[in-house]
Structures are given as C-alpha cells and as structure tokens.
Amino acid sequence: MIEQVKNIEQVLSPPLGDGGTKQAPSSPLGPPVPERTGDGGTAGFSLFSSLVTFLGTSTKTTDKLNALADYFVHAGDADKVWVIALFSGRRPKRMINSSLLPLWCIEITGLPAWLFEESYHTVGDLAETIALLLPPQIKVPGAERSLSYYMAQFAIFEKQDEAVKHAFITQAWQHMGKDERFVFNKLLTGGFRIGVSQKLMVNALAKSVNISPSVIAHRISGNWDPSTISFIELLSEHAHTVDVSKPYPFYLAYALEEDVSALGEPHEWQAEWKWDGIRGQIIQRNNELFIWSRGEELMTGKFPEYDILQGLLPEGTVVDGEIISIAKANNAWGFAPMPFAFLQTRIGRKNVTKKQLQEAPVGFIAYDLLEFNYEDWRPRPLTERRAKLEEIYAQVNQSVFRLSPVIQYNTWDELIELRRQSRDLFAEGLMLKRKSSEYQVGRKVGDWWKWKIDPFTIDAVMIYAQKGHGRRSNLYTDYTFAVRDGDKLVSFAKAYSGLTDKEFAQVDNFVKRNSIEKFGPVRTVKPELVFEIAFEGIAASSRHKSGVALRFPRISRWRTDKKTDEINTLDDLKKMLQLYGNKT
Amino acid sequence: MVEQAENTQQALSSPLGPPVPERTGDGGAVITFTDKGLYCPAGNFYIDPWKPVDKAVITHAHSDHAKFGSRYYLCHHLTKPLLQARLGNNNYESIGWNEIVYINGVKVSLHPAGHIIGSSQIRVEYNNEVWVVSGDYKTEDDGISGAFEPIKCNVFITESTFGLPIYNWLPQQTIYNNICNWVTGNTQQNQASILIAYSLGKAQRLLKAVEPLQQKIWVHGAIYNMHQAIVSTGVQLPEVTYITPATPKEDLKGALIIAPPGAQGSTWMKKFLPYEVGVCSGWMQVRGNVRRSNVDAGFALSDHADWKGLLTAVKATGAEKVYVTHGFQSAFSRYLNDNGIWSAEVKTEYGTEEEEAPEIPTTEGDL
C-alpha cells in the first residue's frame, strides 16, 4: 500500500494562481492552454456539473428540457460544443487508468484501502466515491475553469507521465465541490453517461438557437471534433456539405403493444423481418464508402466484405440497413441470416483474421434509401424509396448486399401466423412500416412499429447477489441465477433488471437475512427465491460453467409460486442451445 | 403484574434509601447481548429490547428502539408522552438527564444523545465498571434534541448507521439554507414544496429549518399527531396546520408541506399538484439513493452522527472496548480495531423503521 501522507498540502502542488491575476494559471502539463474566446466566463465547469447533477436526479422531462435549454443560454460556446458532443454519445475515452484515482484519493485522505473498497461497494460508483471521500473544497477565487479547458487538458494527458497527471488532478480536486468532483472524475474515467436522450438535448438546443430539431439532429451527426469545431460552425447549414461521411439520424420504431389490427388496413403496411444484427448506414459519396452504426460510430474498415460496394453503389447514395452475419442459402432469398453470436465475434476487433472472415462472414440487408443522387429522399413515401432501392439492389448485384424481403400477406391473421416463424429464421420478429411514411428522425410513434416475438424463458434460482450501481447503490440488485443439474445447482446467467423497486427492496432484505458466505462484494445466498429469466438468444460458451451464454438476460418475473425443486434443468438449456444456438 | 410493578418501584426508589452494596466478583459483563436485546444481568433489565420483557430502559421513542409489550418502561421525561402516543398506555416511569436511579443495585442514568426529542444515552455502572449504550445519536446540536454529551466509560456500545467515511454531513445551517432556497424556487414557479421527513425527529427539525421563510407550514396527520404529543411536554415548536380532507385545494396551491415517507407517491399528494418533492435523510448523501427514491431533490440531513461524529464520540468516551451495533458495523468496528481501540460487532434488530419508510428501502438503518 501507498505510504499514508497526513498533510494534504504535502501531496498537492502549490495552490493555483497567485492571487488576483486573471491570466490562465500555468498548467503543470506544459505551456498554458489559452482559453478560447466566448468561453462563458469563469463559472463554466460548475455550471456544467450543476446541469449534470440536476439531470441525474430530476424526474420530470419538462424540468430536464428547461434545465438544458437554460444551460444553452448561459454557457460559453466552447462548453456548449462539448455538451452537444457528450450528450450525443460522443463519450471521451478513458483519460486515465482508473486504478490511479483511488490510490490518489487514499493518499490524500489517509484512509486504509479496504475502507475505500467498502465505501465503493456501498456507493456503487468510483467517481462518486472519490467525490464523497475527499476533504472539503478549498475555495479560491478565480480557480474555476471551464468544461472545454478540462477537456483540452485531458486530451494532452496521454503523452504525459503519471506525476504530471497526479499533480493536475489532485490540485483540481482541491478547489472543487462534491458535484464538480463527481462530474470531473466521470469524464476522466470515461464512464460519463447522462440520463437524457439525444432527442431531449436536441430539442433544448433547438429552443435556444431557433432551428428545427430535425435539422439540428442532422447537423450534429457524423464526424466532427468538439475540440476544434466552433459552436457556429457546428450548427451552420454549410457544415454538413463539407463532411462527406455524414450519416442521417436513424428512424427508430416503438414496440407494438396493442393488437396489430388496431393499425388499420393491412394493405397500408409493409411488413419485413426484424433482423438481429446492428443497424447501420452505408454511405457512398465522392468516391468514398462509409459505414456508420446506429451508435453513430464510423465502422468503415471493420467489415472488409463491404469494400467491393465502393464504386458499385451510385455516387451520392445512403442506404439504411442491418449489418449482420449471413450465409448463402438455397432458398427464395438466396441467403440465410446467422445468429447474433457470429457477428459478435467481429465487433470490437480492429483487425479481422481470415479465419473470422470465413467463420462469420458479414453482409448488409438493406431496408431503406435515404439519399439518392446527393438528394435527401427521406421526405418521399416509403413505397417510392423502396422502389428505387430495389433498382439499386439489382444494379449492384453482389451477394454481400441484400434486400430486406417484404413479407406477402393479405390479412392480419395471416401475418400473425407468419410471425411465428421468426425464431426459425433467426429474426427477432417483424417490422411494420406504413407505406406512405416519411423517413423520420429518432424514435417516433405512429408510422413504424417493431413487433418482436416473445423471448425465451427459463425458471431459475438466485444463488449469488451483489450490490448494484447508480440508482441501485447499496441495494442487492445484481443477481446470479442457477439451474438444476441432478442434485447440483449450476450458475448460467446474471441479471440486473426486471423487478420493481419494491421487489428489489424485498429481495435485498432476503439477501441480507439469508447470506451464507461473503466473497468481497458478492454474497452467496440460500437458494430459495425462484425467478423467470427471459433472454433473446443462446450460444455455446466455454467461459461459463453451464456451457451456454445468453443474450440480454433479464428477470421477467418473480415466481413466488415456485420452489427450488421446480426450476428448469441444465438439460433444458442444452436443448434450447441445440435448437436455436450457435452450433459451432 | 401488580407485584412486578411494586418490585420495580422499590428498586427505583433506592436513591431515597441506601444504595444496594455492590456485589463482588461474578466477573460477568455489565451488559450482555441476548436474543431479546441488550441485557444487564445484575440489574435484571433490558435496554431497547425488541421482544416483550419485564423491565425495559428506553433510549428514544423510535419504533425500532421502543417496542410494545413490556411490563415496565423507564425513559426520559420528554420520551414518555411520545411512547404514550405510539404504544398507548403502559407502565411508564420517566426521569431527567443526569438523574441517578438504582435498579437492583445497578446505577443507571440518562444523558442527552442529540438524536431526537428525549433521546438518551444510557449509562450503566456496576462493580466500578461503566458501560454506556448510545442508542441513536448525533453530535451536532440541533437545538431541539439536547446537545450530545460525551460520557466517560469503560465500554461504549455505539450505533453505526452512517459508519462509512462517505457520510460527512454539511453544517446543518448550510443544509437548511439549501432547503429554504429550494422552497423559494418552487414557490416562484407556483409549485408546492413537499418535504418528506420522519414524523418524529426530522419533521420537528425541519420546522426550525424553514422558520426563516415565515411561510405557513402544512403537515400530514402523522406529523400533526407527533407535534401535539411533543407540544404537550412543554417543548416550544413553530405552529403547524393539519391538512384534513376538508382543506380546500386552493389553500394548498404552492404551499409548504411536511409529510412522512409513507405518504410519498400516495394519492394523498395529488391534492397539492403541481408540486416538487424533497426527501430529507442522510441516505440522500449518495446519488443512487436520490434517484431510487424518485424525487426531485434530496437533502442529506440526518439525525445520526456522520463518520467523523462517530469517531469523535467514541474517542471522547475514552472507552477501552467498543461494541458496534446497527449500520455499517463491520467496517466501523474494523476501523476502530485498526486504530488501537478494541471493538466487536453486535447483531441487533435496530435500524429497521419499516413502518416509517415503506417507499424508500432504508435497509441499512433508519432515516
């Protein structure tokens, strides 16, 4: 363990600045970074942290919208650009090895490491734990920086050695309040997430700059660097013509909860299979091909299979579709989708091996046409877009570029019957799109619906519990479940969601009263509580004791009516694996 | 029943007669930990028992410390009317702080614990050994509950509800200011402010907090009843108005309301729309708890000692042994051992005021 240093002053560098001078304090990271003009004064970072704190606990959407709109009125331009970046999923990567922050916190506070751990397990969030443990803020007038200042400093962190980072961070902590420290640590550790949708941020921004939300959504999409672009540039109408890779915001569907017949006349709707891959856009402009995923991540290069499309797709074309593993097949479509587990082997890898290309070949199933001949086709009706898409498909004529089959049906009953085949086709269910619909921005009710099939379910018993994070901190909400194998219990899945707050409180109470052993933060629990676990897919796995890995496991309900001897068995899981799993 | 009562009377009246000579050399602990509660074998009485016993000495009137069914209760003068309000008529006897009584020859006295009105630490002396049971306590003087008084002792039995260093309270005046600013902000937007607080303890403290606003304070029935019980003891509190079903809705527009945790999210609150809800509890120190409680604001205002408060209290007793009850007992106890104070954890049934807080799972202790 690190030697405990009792005197904080000893650890921290001399206090910031030298009294009243206004110049930027010389940064320990090197020459002072000049603050950009229009930075919104000195209150930048606390304004931002107040916003994040407010959004994190506010329960009303209108309150959140107003707080954001208010921020966009008062904040400096450079900070606003960062807020747009952060709130549109452009999370900064981890700026620092997250094991260093606890060490420095321990060093400053003089607390033993085990007590830090214990605190962390209760708070459930590293950034917050540190913010709570550090000694009270030392207020120094003029010591406050802006959000963009810190982001600029973080960007040059990578090349700095540890001592420099140490001095900078511990000094910054000293002058911050609890909320600022929390947000600062979140940015540093790359775990920055806000409980606000991009849509809400866009609406708030629209309110303050008087541009319509869908225009803003498009202007802020694609490839831009918050550290170099200005607020004016970002929102200007000329900006997007410069970036040839710029995708369109995806149109997302809500789940169909009511009876399908409520949608009206069957012939007004186009039905397609809902494929289980990654939603993506292929963009062909200026002799270049770009692949974007729904997370607005540029994925060109990850899927060399698509390279062949460059030059075959007409210039100025944007196609929306599914990035998915497919195999050639002797069926009406000429292809068969493969389970998501195959695609998973390809995600997150920078370099693809030949073996992977053979085992998990990736194709593109085209859904829609968003741009043709450099013209925005989104306002045209679906039927028109589809007809043009079919033309392009025929022209391209490559096995990697497929057309999403349109399902033929006459009545809703027929479609209900067809939907039952989803699982056998490795589809998640159906998509229903109004034939007259425009291609809209974001999640909108009315014209597009996803109609998923019911998930797999299995009854299992809880055997381990661990305290949760975020709003579940200090409550046992993360559980491991087991099925029976003879007279043994075999763990097969973890799940964190699906119970109401009240049920979580009851289970938490049970865990505290029925713990058998404690392994660090994990408690083994008397195997008594039975839950129905729902999941979307199953694959073979050598990493799990049970030999299976589940996709999106969650608790679907608490089976208070069932006892441990009535749960499913490992054989039941294996049967599911055989029928629907990745058979490699 | 009658016989029992007489016996007790006799034992208690001992200050009037000569103290029972101290028994020698049975070597046992002054207080033992049993499945009914903390027990003093020499005096044959319990402290805050969770099961019915013959003789119970009560630290304070919260329901996890003062249980129904015992034959005799000894408590502070200010606690007695609260017990009567909560447990009905029983055989209660009350004394003042620093007043000495003997129970079967064991010297017993009560000392302010600063937790809620009437809350007391219990000092038990026998065979020249002094044990102190803290009950629940806070070290900051709230001006209502009496200032916590450190008592020198050999063995200290302390709570540990907030026994982790992440719990470090802001000065109460700062929190009070935050609460007042929040209320003012709501009023400006024509929204009612509903403050969620324990009906006994926190609610009275809040009356003090919002006094500078000079606004009419409306309260839920549970808080009104406690208020009446407290005022009957002669304690001065700001005036409150009881919200009845007959209270017209217009009167409650943008009002300031104090309600117990049980009222949160209930249909009772509909009457105040539009409103913002703020919870006042030490648990609000952690963001996750604020988010989980699904309210608009959380104020980390607690009637328990924070980490520093616990450590200060333990050190001030000079105790060579410290037993740690309800809360983060394993962490707090380990920390004391690491720092040269012998300590052990004790399992009790305190810290589960469930009847008070059904909406917010306060599983590690009470509010």
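This text follows the structure it describes.
It should be emphasised that the depicted structure is a prediction, and the values quoted were computed from it without experimental measurement.

Asks: Mind showing me how you'd approach the sheet that holds strand β11 (residues 406-407) of chain A here?
Replies: Sheets are built from strands that pair by backbone hydrogen bonding, the pairs being arranged parallel or antiparallel. All names here are of chain A. Across the sheet, which stays open at both edges, the 5 strands sit in the order β2-β14-β12-β3-β11 with mixed pairing between neighbours. For this open sheet the edge positions go to β2 (254-255) and β11, each flanked by a neighbour on one side alone. Bridge count for β2 against strand β14 (residues 448-452) is 2 bridges, and the pairing is parallel. Counted as the bridge partner of Ala 255 is Lys 450 from β14. Sheet contacts for helix α17 (residues 382-396): β3 (269-275), β11, β12 (427-434) and β14; angle to β3, the most-contacted strand, approximately 60°.

Asks: Help me understand the environment of A:Ala253, please; the structure alone is not making it clear to me.
Replies: Mapped onto the elements of the fold, A:Ala253 is located in the loop between β1 (251-252) and β2. In contact with A:Ala253, other than residues within four places in its own chain, are A:Met431, A:Arg443, A:Trp448, A:Trp449 and A:Lys450.

Asks: Looking at this model, I keep getting lost on the interface of chain B and chain A. Mind explaining?
Replies: Many analyses report the size of an interface as the accessible area lost when the parts associate. With 31 residues of chain B in contact, the opposing surface of chain A contributes 34 residues. Here chain B and chain A share an interface that buries about 2700 Å² over both sides, 53% of which is from carbon and sulfur atoms. Summed over the shared surface of chain B and chain A, the result is 2 salt bridges. One salt bridge connects A:Lys60 with B:Glu276, and the closest N-O pair in it is separated by 2.9 Å. At the junction of chain B with chain A, the criterion picks out 6 residue pairs in polar contact (both at pLDDT 80 or more). Secondary-structure elements contributing two or more residues to the side of chain B that touches chain A are β16 (275-280), α6 (287-293) and α8 (329-338) of chain B. The biggest single contributor to the side of chain B that touches chain A is α6(B), with 6 residues.

Asks: Is there a simple way to think about the pattern of salt bridges in this case?
Replies: Any two side chains of opposite charge can pair if their charged atoms end up close together. All names here are of chain A. Inspection of the entire model under this criterion finds 35 salt bridges over all chains. Residue Asp 376 is joined to Arg 378 by a salt bridge in which the shortest nitrogen-to-oxygen separation is 3.0 Å. A relative accessible area of 30% means that Asp 376 is categorised as partly exposed. Residue Arg 378 is classed as buried on the basis of its relative accessible area of 11%. Taken together, the shared-partner salt bridges in this structure form one network comprising Asp 459, Glu 532, Arg 557, Arg 559, Asp 561 and Lys 562.

Asks: Explanation requested: the packing of helix α2 (residues 44-57) of chain A against helix α10 (residues 178-189) of chain A in the structure shown.
Replies: Two measures define how a pair of helices packs: the angle their axes make with one another and the distance between the axes. Residue and element names in this part refer to chain A. Across the interface, α2 lies against α10 with an axial gap of 9 Å and an inter-helix angle of 85°. Overall, the two elements α2 and α10 adopt an arrangement that is roughly perpendicular. Facing Phe 45, Ser 46, Phe 48, Ser 49, Val 52 and Thr 53 of α2, the residues of α10 in contact are Asp 179, Glu 180, Val 183, Phe 184 and Leu 187. When the residues that make up the contact of α2 with α10 are grouped by side-chain class, the tally is 6 nonpolar, 3 polar and 2 charged.

What counts and how
Residues numbered from 1 in each chain as written. Chains lettered and ligands numbered in written order. Predicted model: local features only at pLDDT ≥ 70, side-chain atom pairs only at ≥ 80, totals over all residues. Heavy atoms only, no water. Pairing = 2+ DSSP bridges. Helix = DSSP H or I, 4+ residues; strand = E, 2+ residues; numbered from the N terminus. Contact = heavy atoms within 4.5 Å. Axes fitted to C-alpha atoms, helices over the stretch in contact; angles between N-to-C directions. Buried area = accessible area lost by both parts, 1.4 Å probe. Salt bridge = Lys/Arg side-chain N within 4 Å of Asp/Glu carboxyl O. Polar contact = N/O pair within 3.5 Å; in protein donor to acceptor, adjacent residues only side chain to side chain. Buried < 20%, exposed > 50% of the residue type's maximum accessible area, 1.4 Å probe, protein only. Parallel < 35°, antiparallel > 145°, perpendicular 65-115°, else oblique. Nonpolar A, V, L, I, M, F, W, Y, C, P; charged D, E, K, R; others polar.

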